[in-house]
Structures are given as structure tokens and as C-alpha cells.
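What the coordinates show
Residue strings, one per chain:
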Amino acid sequence: MLFGRKRKNPIQIADKGVVEWKYATCGYCSTGCSIEVGLNGEGRPVASRGVADADVNRGKLCLKGIFEHELFSSAGRGTQPLMRERWHEEWRPADWDTALDKLHDEIVRVQARHGRDSFAVISTGQLLTEEFYTLGKLTRGLIGTNNYDGNTTLCMSSAVSGYKRSFGSDGPPGCYEDFEHTDCLIAWGSNLPEQHPIIYWRMKEAQERRNFTLIVVDPRVTMLAQNAHMHLPITPGTDVVLMNAMMHVIFAEGLEDKRYIEANTDGVEALRAEVAKYDPVTASKICGIDEDSIRVVARAFAKAPAAMQIWTMGINQSTHGSDGVVGINNLALITGNVGKPGGTSLSITGQCNAMGTREWSSCSGLPNHRYLENARDREEIARFWNMDPEFFPKQRGMFQTDIYQAMEAGQIKGLWLIATNPLSSLPNTARIRRAMEQLEFCCVQDCYQDTESAQYAHVYLPAGTWAEKEGVMTNTERRINLVKPLTPPPGVAKPDLWIFNRVAERFNRDARVKFPEKAADVFLEMGELSRGRLADISGMNHDLIEKNRGIQWPYTAAQRERGEAPPQGGKRLYTADREFRYSDGRAKLIPLPFIDNNEVPDKEFPVWLNTGRLIEHWHGRTKTGKIGNNNKFSPIPFIEINPDLADELGVQRGEYVRMVSRRGDAVAMAQPTQRVPKNMVFLPFHFFDCANRLTLGLLDPHSRQPAYKQSAIRIEKIADQIAAAKLSMEMRRF
Ligand SMILES: Nc1nc2c(c(=O)[nH]1)N[C@H]1C(S)=C(S)[C@@H](COP(=O)(O)OP(=O)(O)OC[C@H]3O[C@@H](n4cnc5c(=O)[nH]c(N)nc54)[C@H](O)[C@@H]3O)O[C@H]1N2
Ligand SMILES: Nc1nc2c(c(=O)[nH]1)N[C@H]1C(S)=C(S)[C@@H](COP(=O)(O)OP(=O)(O)OC[C@H]3O[C@@H](n4cnc5c(=O)[nH]c(N)nc54)[C@H](O)[C@@H]3O)O[C@H]1N2
Ligand code: SF4
Ligand SMILES: [Mo]
């Protein structure tokens, strides 16, 4: 008789009839996995698989990548430009010329009537880099508004600001391979297994081989925390206090790297004086981590031959976001852990091309980390673009979050939104609605026409997405990888690059400024502008990038001419002494006094509201809400709530509850779990008219990033569960 496996049918993988596999890079998160999409005999995308010889993912994909080919035919895609006179009227179909003329004419009209900066352009971290560069050239070089920014202010601007303050430039210094060399890893506010599953897999493999110390700082018991040697459930918004206390211990016990500090940094005395105030006993009262744990972690970190830190939104999305990043860099610098294998301070990026926008979009300045504030940079770019340097403003304009406040105040009257959905993603939805209602004109350019922000649009431009287009993206470890069109956009929708070029023509009748039509040519132009700079990509081109499954910057023309293979490009930055980007080559150690300025729970609103993500969904769910194999795992809004709190409120598993903050209220289903402490709930922000009706989103003073992770709410039991269930189904949207 046969038992066990032999009696079972072998697993059958459905034959999708793939006749050809085509190369792309995943368009969801910043891990940057190489994908192959399978086309059937009719040329239709029917399957996705990981690319085995790609260094990033080595054949693996996560739940989102595996079903990414289903995006192309998903519901709600925009197939045709739409127009209307007033935003609450019915849409009328329009042809491209009419819609683009309208966008051009409204930009000109609003600027003539209210001033150059009264028209804002808001972009994203989800376009291709050539598109970012082209939009930057159009906005800075031709339209000339200074209120041009991206959703990266919601996401990476604290990391950018912190890197600039510490090292003199943006640019994460490490790479995934560092996991294979490190002896100690601290993860600050990062839920790696859910949000960057393949980076997590790289980390976990390395950890299983060498069992390096893993320390997780997160108020929730995330999956990463469950895998850690030590989990520090920090009081929300107080990471800087813990960092200061760790530095206190390191200096007090003489564990700092004196040679490195002397050779590479300024400011150690002021830092020492500030952290002297944060003895572990005092600090423990503020940050909620006991004094012994603070000492143990500080010693483990400082004594490790190579120690690295990663972080994500638990740090960036805070009123101390930029300071938190500087604190991480301080810790790295005083222990000599920058630019060496396994010793780094690596910001885990969010969106697939949030790095590309930082490098090339001109949102916060000019291309390739150049500054509007720097006359030489302005002149160099003006010469290259064939325009008058005086046309550029001499300092950057508003951040995205400030633009909305200016809209609310009536200072900004026109808006072009590209690949971002602020109505769903910005804090305090009621205020965003008020701001959008003030606009004289709004254009939404999105691959889906059913986004919430399109409610307020006068013109809708249907864009292609992901592998309907050609261009590159930069991932967390500075790796530039390629996306190629493997299917055309639906209907008459067009790639974003095409749209920008057509808008540019309307502002550039004499063709004075050149706008290459093909992404590969735009890339070569960018390569020219990058020569000799930190992010030098002059050795790369699209073909070489595809052949190598991505190349890390810098990779210079000189390196290529010397015959150095691309993978030797740029694994790490700041590998030798005094290579930091301040003029003296030294990094800055910056003291970080802590001021408690968050909304904290009180009698009326006694519960912390922590918001974030789930593995199966992407942001506002324009994509994953329509893919069955993603949506089925969490089709409706829910909260993680501690069973003791649920008991106290008399709430059962699966019952709907009402959450109330000073801004508004929202309904979600209660899922009791020990992942959250009794005084906190975790609410995924993927559902519309839910999390961000409640959030306050105070802004970081340096980066202007909202504190999405720290608000105070109260929770109410709902008597009429049927009505609540109906409301909750409405929030499903799709
Ligand atoms: N599946 C999926 N993956 C994604 C995304 C997605 O939407 N879906 N989005 C991508 C993007 S754009 C981004 S930015 C990243 C975000 O990636 P992550 O930052 O890893 O994800 P979040 O869930 O926003 O928050 C991470 C953790 O911060 C913790 N946290 C909250 N407050 C604090 C605090 O005060 N201190 C500390 N130390 N931790 C705190 C939360 O409990 C949470 O576990 O994910 C990317 N990857
Ligand atoms: N409460 C709370 N709120 C948050 C966060 C949080 O943790 N908590 N996180 C914040 C963070 S880190 C981020 S990054 C933001 C994200 O905020 P958003 O940028 O608003 O998020 P998405 O839903 O990804 O919006 C991207 C839009 O671009 C469209 N799109 C996708 N690809 C293309 C393309 O190729 N071309 C064009 N034209 N359109 C395209 C999509 O359909 C979608 O409408 O949310 C922020 N909001
Ligand atoms: S880990 Fe990120 S890049 Fe890789 S398949 Fe998943 S979503 Fe795509
Ligand atoms: Mo993000």
C-alpha cells in the first residue's frame, strides 16, 4: 500500500500557453525585482516570473510581482482623455489635442492671472526616470512654476533631508549585499517582510547563514520583530531619544571609533554634550525602552565589527523624521559604520522609483542632486537646456504638503497631478477636499480614471503604466534597472513620456529646448549631465542595463572604457576617508535635542493610531484592489486591536467599530491581536475615506513630511452592525 506523498497527485502548474518571456522590472516597491512577463500566442500577458540571474531577487517575486501582468487589463483603466467645465459635472470624451491644448491654456491663464507660482505640478515616485527628467525640464525650463514637488514628500523626504544634513548629499551608501557581511542589524520602523519581501528574503538568508544580531525597533510586534533577537517596542515618535541614549552609552563606555571620528567628521564635541543629557534612566521614561535594553543594544551595535541600520516609514513619517535619520547617521558615524561591507546606514526606499525622482525629477532643485540655490548649478543646467539661467528661481519652492495648505488659503489656483492620489494618501481628508474645491483648474494624469482625486479634475489624461512604457527605475541600493513595453496602453492612452513631450511642444513652439522622443535617448542625455557627479551614470545605456539585470550607480564612462564590468559600479558610497559631499569631505555630527510635539493620547482620545501597510495591497489600491489574488486577503478595512482593549470595549472579533479623532471618524472591522499594545491600534491606510480621515499629519520642520504614524483617537462600539457593514463595503470601492 502507498502512503503519504506518493499517493497524492503531483502539483500541476497551469499551462498558460506562454510562447515568449519578456524582461521588465517590478513596478511596485523599491526592492527592484527583475521580472519576466509571459505572452501567449496572441501577444497577451498571461504570467509573471522572477528572473533567476538577477542579483536582486535571484528568481523570486512576492505576491504583488507574481500577479503584476493582470494590471494591464484590470478594471477602471483610462482609455481616453476626458474633459468637463466644472468638476461636479459629467465627463465628456475628448481627443488628445483638445485636452492637451486645454491643459496648456489653463496653465498660461492661471499663471497670467495669479502669478507664475500659482500653478502647481505634483508628481510621484512611480514614473520612469526618463519621464521624471522630462517633466522636470518642462516644469523648470518652460512652465517656470516653483511649486513643483512629488508624493515623495509623504515618503522619502525625511531620508533625503537627513542624508543631506549628515553627509552633504542624498544617496543611500549601502546595498543588499551588506546583509551578508554585517554582524549586527538594527531595523528602525521598517516592516521588511511585508513591505519589501524580497529584501527581507535576502536579509533572512544571510542571517540564517551567520546568525548576526537582529534588533527591531517598532511599537508593533511585526513579523520582523518576531524574528528578532531583541524587539524594542518604542513609544511612538520617540526614536530620537533612544538614539541619543545609545550614543550616551557608547561615549560613556568609550566604544566609539575615535580614528574614524577624527578623520571623517565634524561636531563630535557638541554631539557628546547633547547626548550626555540622555542617560538611559531618563531616556527610558520618554521612549518606553528600559535602561538595560538601551545599554545592551548600544554595546551590541558599537562592538560589532560591522554594524548596519535600515529604516523606513516608522522613522521618516514623524515630526522627528529628518532628525531620526540624522540620529541613525550619527550612530553610524561615531562607530565607523559607513561605506564598509556590512557597515552602513541604508534607507529602505518606498515606491519603485522614489530614488529616480530624487536623482532626476528636479522637484527639489535641478537634475542629479543639483541645487537651485547654487548659481553654478543653475548656469550649467540652463546652458545644457538652452535657456536663460535667470528663468530659474533662486531657491526651491513649496513642498507638496505646503502646496495643499497654499491651495486651501487660495494662493495656488491650478494643479496638475501626475501618478499620485492625494485625496486618498494625504492626512486629514476633509482639509484636502477643501483645498481641491478652491482650484480654478485641475488636471489628473493617471493610468486609472477612477481615482478619488479625479473627482476634482477638469481634464483627465489616460496614461500607460509600468511595462506599457520604456525607461529605467532606481531601487533602494541605487540599482538602475529597465522596463520595456510589452503591451500597448489600453484605448488611446499614452505613455507619460509621450504626454510630457506633447505638453512641452505647446510651451516650446520655436523648439529652442530639445525634448528627445525616445526614452533611450533621454537616458543618454541624462548620462551626459551626470558626468563627474556622485550619481554618475555615464557608463550606462539601456542595453547594458538589461544585460546586467540592473547596474548600481555610479558607473562612469571611464569605468566602462577601462573595461570594468558594471557590477563593480557602485556597491557602496563613502568607502575611503573624507569622501563625504561637504566641501571639506567631512560628515557632520549633529546634536538632536528632543521636543515632544506630537499629538499624544489623552483622556478624550486615549488610543494611539498607527497607520501603515499590508503585503497584499499597494497604497490607494487603484492597482491591487482590482486584482483578485491580492484583494481577497483584505477586501475591507480592519484594525489590529489588542484583545484586552477589545474586551474592555465589549468588542468581538469581526465586529465593526467607529474610530474618532479630532479631524473625523471612520469605521473598520476589529481584528484582535497581540501584535499591538493595549493603547494602540494599527490601521492599514489602503482604504479610501478611512485612515486619512483620522490622521493629523503634523509636518517635520526640515522635510515637511507628515507624521502619519502618530495620532490620537477613541474607539466606539457600534450598535447597528448591519449599517456599519454596508458603510465598510462602500469603502471597498471596487
Ligand atoms: N505591500 C506593499 N509594499 C509596499 C508599499 C505598499 O503600499 N504595499 N508601499 C511602499 C512604500 S511607498 C513605502 S514608503 C514602504 C513603507 O514600508 P514600511 O515603512 O516598512 O511600512 P509601514 O507599514 O508604513 O510602517 C512600518 C512600521 O513603522 C512602525 N512604526 C510606527 N510608528 C513608529 C515609531 O514611532 N517608531 C518606529 N521605530 N516605528 C514605528 C509601524 O508599526 C510599522 O510596522 O513600503 C513600500 N512597499
Ligand atoms: N495614513 C497614511 N497615509 C499615507 C502613508 C501611511 O503610511 N499612512 N504613506 C504615505 C506614503 S509613504 C506614500 S508613498 C503615499 C502614496 O500616495 P499616492 O502617491 O497617492 O499613492 P498611490 O495610490 O500609489 O498613487 C499613485 C497613483 O498613480 C497611478 N499610477 C500608477 N502608475 C502610473 C503611471 O505609470 N503613470 C501614471 N500617470 N499614473 C500611474 C495609480 O493609479 C495611482 O492613482 O501615501 C502616503 N500616505
Ligand atoms: S518585493 Fe517589491 S519589487 Fe519585488 S516583486 Fe514584490 S513588490 Fe515587486
Ligand atoms: Mo512611500
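**A word on the overall build of the chain**
When helices and strands are counted, the chain shows 27 helices and 26 strands. A compact globule built from 734 residues would reach a C-alpha radius of gyration of about 27 Å, and the chain, at 25 Å, matches this within 12%. With respect to the principal axes defined by its C-alpha atoms, the chain has extents near 75 × 65 × 65 Å. Of all 734 residues assigned to the chain, the portion counted as buried reaches 65%. For the chain, long-range pairs separated by at least 24 residues make up 73% of all intrachain contacts whose partners lie at least 6 apart in sequence. Only carbon and sulfur atoms are counted for the fraction: they give 51% of the accessible area of the chain, which is about 26300 Å². When the 91 basic and 90 acidic side-chain charges of the chain are each reduced to a single mean position, those positions are 2 Å apart.

**Things to note about the site of ligand 2**
Around ligand 2, the structure places 35 residues, and the nearest of them are Asn151, Ser425, Asp446, Lys469 and Asn692. Residue asparagine 151 places a side-chain N or O atom 2.6 Å away from an oxygen atom belonging to ligand 2. Threonine 465 places a side-chain nitrogen or oxygen 3.1 Å from a nitrogen atom of ligand 2. Relative to its free-state accessible area of 920 Å², ligand 2 is covered by the protein chains to the extent of 99%. Within the shell around ligand 2, the residues separate by chemical class into twelve nonpolar, 17 polar and six charged. Domain assignment of the residues forming the shell around ligand 2 places at least three in each of domain 2 (82-147 + 375-464 + 492-512) and domain 4 (607-730).

**Some thoughts on helix α2 (residues 96-114)**
Compared with the 27 Å implied by 1.5 Å per residue over 19 residues, the 27 Å span of α2 between its first and last C-alpha is a close match. Those residues of α2 not exposed but buried are Trp96, Ala99, Leu100, Leu103, His104, Glu106, Ile107, Val110 and Gln111. Buried residues along α2 cover an arc of 160° about the axis, so they all sit on one side. Turned more than 90 degrees away from the buried face of α2, the exposed residues are Ala112 and Arg113.

**What to know about the packing of helix α8 (residues 239-252) against helix α14 (residues 321-334)**
It is the contact of α8 with α14, at a shortest axis distance of 9 Å, that shows an interaxial angle of 20°. By the angle class used here, α8 and α14 are roughly parallel. Seen from above, α8 lies across α14 with left-handed handedness. On the side of α8, the interface is formed by Val240, Met243, Met246, Met247, Ile250 and Phe251, while α14 contributes Asp323, Gly324, Gly327, Ile328, Asn330, Leu331 and Ile334. Tallied by class, the residues present in the contact of α8 with α14 amount to nine nonpolar, three polar and one charged.

**Some details on the packing of aromatic side chains**
By convention here, two paired aromatic rings are described through the distance between centres and the angle between planes. Scanning the entire structure with this criterion turns up 14 aromatic pairs. Taking 5.6 Å as the distance between ring centres and 10° as the angle between the ring planes, the aromatic pair formed by phenylalanine 72 and tryptophan 466 counts as stacked. One end of the pair, phenylalanine 72, is in the loop between α1 (63-66) and β4 (82-83); the other, tryptophan 466, is in the loop between β16 (459-462) and β17 (471-474), with 394 residues separating them in the sequence. As far as the burial class goes, phenylalanine 72 and tryptophan 466 line up, both buried.

**Thoughts on the site of ligand 1**
Surveying the vicinity of ligand 1 reveals 34 residues, the closest of which are Asp218, Asp239, Met313, Arg613 and His617. Glycine 314 places a polar main-chain atom, nitrogen or oxygen, 3.4 Å from a nitrogen atom of ligand 1. If ligand 1 stood free it would expose 910 Å²; the protein chains cover 100% of that surface. Mapped onto the shell around ligand 1, the elements with two or more residues apiece are α5 (192-195), α13 (313-316) and β21 (607-612).

What counts, and at which threshold
- Residues numbered from 1 in each chain as written.
- Chains lettered and ligands numbered in written order.
- Predicted model: local features only at pLDDT ≥ 70, side-chain atom pairs only at ≥ 80, totals over all residues.
- Heavy atoms only, no water.
- Helix = DSSP H or I, 4+ residues; strand = E, 2+ residues; numbered from the N terminus.
- Rg over C-alpha atoms; globule rule 2.2 N^0.38 Å.
- Buried < 20%, exposed > 50% of the residue type's maximum accessible area, 1.4 Å probe, protein only.
- Contact = heavy atoms within 4.5 Å.
- Areas by Shrake-Rupley, 256 points an atom, 1.4 Å probe, with all protein chains shown as cover.
- Lys, Arg positive; Asp, Glu negative; His and termini not counted.
- Charge placed at Lys NZ, Arg CZ, Asp CG, Glu CD.
- Near = heavy atom within 4 Å.
- Polar contact = N/O pair within 3.5 Å; in protein donor to acceptor, adjacent residues only side chain to side chain.
- Nonpolar A, V, L, I, M, F, W, Y, C, P; charged D, E, K, R; others polar.
- Domains from an automatic or database assignment.
- Expected span 1.5 Å × (residues − 1).
- Arc of directions from axis to C-beta.
- Axes fitted to C-alpha atoms, helices over the stretch in contact; angles between N-to-C directions.
- Parallel < 35°, antiparallel > 145°, perpendicular 65-115°, else oblique.
- Left-handed = near helix turned anticlockwise from the far one by under 90°.
- Phe/Tyr/Trp six-rings, centres within 6.5 Å; stacked < 30°, edge-to-face > 60°.

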